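# Tertiary structure, described
Single-letter residue listing:
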Amino acid sequence: MKKYISVELRRFVFDRAKGQCEYCLIHDDDGLWPHEIDHIYAEKHGGETIESNLCLSCDACNRYKGSDLASLDPESSEPVFLFHPRRDVWSDHFRLNDSIIEPLTPKGRATDRLLKLNLQERLDERTILIEIGRYPTPS
Ligand SMILES: [Zn+2]
């Protein structure tokens with residue numbers, strides 16, 4: 001059962017992320033569906049409903065991530081933890097190359113594959129957003 005997340009905590013997580021998905025960086029204003037509050041470590045693994053275990057995620061990233069904590073690095077086939085928006089720095093693990101989110105590390109590669117960050121339809125969406133100056137989101 002999903003634990004209740006207070007309006008205040010939702011607002012805090014949204015503002016901390018500046019309205020952007022903390023995995024693929026798309027802004028809440030630009031997605032088809034509203035962004036969601038993601039338990040980085042899912043409740044079924046003991047992840048708590050606290051600031052340090054929550055992030056803002058778009059519908060697609062959240063759906064593909066599910067309750068997973070780890071995956072295999074596609075290059076080495078070794079298990080690695082997924083990118084953790086509270087403990088890891090995005091630019092240490094990914095870099096933007098036009099619409100492509102290029103993974104830089106084992107963690108980045110595993111996260112890219114599991115969350116399907118570079119699915120063609122997602123690339124197409126980001127290409128349009130780049131053209132209209134909405135990706136990455138202007139600060
Ligand atoms: Zn996303």
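Before reading on, note that the structure itself is shown above.
Residues numbered from 1 in each chain as written. Predicted model: local features only at pLDDT ≥ 70, side-chain atom pairs only at ≥ 80, totals over all residues. Heavy atoms only, no water.

## Section: the overall build of the protein chain
Along the protein chain, the regular secondary structure elements total 5 helices and 6 strands. Sequence-ordered secondary structure for the protein chain, helices as α and strands as β, is α-β-β-α-β-β-α-β-β-α-α. Overall, the protein chain is about 40 × 35 × 25 Å in size when its C-alpha atoms are taken along their principal axes. Relative to its full complement of 139 residues, the protein chain shows a buried share of 45%. In the protein chain, once contacts between residues fewer than 6 apart in sequence are set aside, the share between residues at least 24 apart is 57%. If you average the places of the 19 positive and of the 25 negative side-chain charges in the protein chain, the two averages end up 4 Å apart. (Helix = DSSP H or I, 4+ residues; strand = E, 2+ residues; numbered from the N terminus. Buried < 20%, exposed > 50% of the residue type's maximum accessible area, 1.4 Å probe, protein only. Contact = heavy atoms within 4.5 Å. Lys, Arg positive; Asp, Glu negative; His and termini not counted. Charge placed at Lys NZ, Arg CZ, Asp CG, Glu CD.)

## Considerations on the coordination of the zinc ion
Looking at the zinc ion, one finds its protein donor set to be Cys 21 (SG), Cys 24 (SG), Cys 58 (SG) and Cys 61 (SG), positioned 2.3 to 2.4 Å from the metal centre. Around the zinc ion sit 4 donor atoms; with metal-centred angles ranging over 102 to 116°, the donor geometry is tetrahedral. The motif formed by the donor residues of the zinc ion, counted along the single chain, is C-x2-C-x33-C-x2-C. With Cys 21 in the loop between α1 (7–16) and β1 (36–39) and Cys 61 in helix α2 (residues 59–65), this residue pair connects regions lying 40 residues apart in the sequence. You can call Cys 21 buried: its relative accessible area is 1%. For Cys 61, a relative accessible area of 0% puts it in the buried group. (Donors = N, O, S within 2.8 Å, 3.2 Å for Na, K, Ca; no water. Tetrahedral: all angles 85-135°; square planar, octahedral: opposite > 155°, others 65-115°.)

## Some words on the nonpolar core
One recurring pattern in soluble globular proteins is that nonpolar side chains are buried together. Judged by nonpolar contacts, the single largest core of 20 residues is most densely connected at Cys 21, Tyr 23, Cys 24, Cys 58, Cys 61, Ile 101 and Leu 117. Looking at this core, the elements that each hand over two or more residues are α2 and α4 (106–115). Apart from the residues within four sequence positions on either side, Tyr 23 is in contact with Asp 38, Ile 40, Cys 55, Ser 57, Cys 61, Lys 65, Phe 83, Pro 85, Trp 90, Leu 115 and Leu 117. Listed in part, the 7 residues of the second largest apolar core include Leu 9, Val 13, Ala 17 and Leu 54. (Core = buried A, V, L, I, M, F, W, Y, C linked by side-chain atoms within 4.5 Å.)

## Quick look at unusual backbone geometry
Negative phi characterises most residues that are not glycine, and trans characterises most peptide bonds. Cis geometry marks the peptide bond from Tyr 135 to Pro 136, where omega comes out at -10°. Here the phi dihedral of Lys 18 falls at roughly 55°; this positive angle occurs in a residue that is not glycine. Inspection of the secondary structure puts Lys 18 in the loop between α1 and β1. Residue Lys 18 is classed as exposed on the basis of its relative accessible area, which comes to 61%. Of note in the backbone geometry, Asp 98 takes a positive phi value of approximately 55° without being a glycine. Tracing the chain through its elements places Asp 98 in the loop between β5 (94–97) and β6 (100–103). Relative accessible area serves as the criterion here: at 64%, Asp 98 is assigned to the exposed category.

## Regarding α4
Among the 10 residues of α4, 8 are classified as buried, and the element is accordingly described as predominantly covered. Taken residue by residue, α4 has Lys 107, Gly 108, Arg 109, Ala 110, Thr 111, Asp 112, Leu 114 and Leu 115 as its buried positions. Backbone geometry just downstream of α4 places Lys 116 in the positive-phi region, at approximately 50°.

## Thoughts on the pairing of strand β2 (residues 54–57)
Alternating positions in β2 separate into two faces, Leu 54 and Leu 56 on one and Cys 55 and Ser 57 on the other, with burial throughout. As defined by bridge partners, β1 adjoins β2 across 4 bridges and the pair is classed as antiparallel. Paired with Ile 37 across the two strands is Leu 56, which belongs to β2. (Pairing = 2+ DSSP bridges.)

Note that all results are geometric; they support no functional claim without further evidence.
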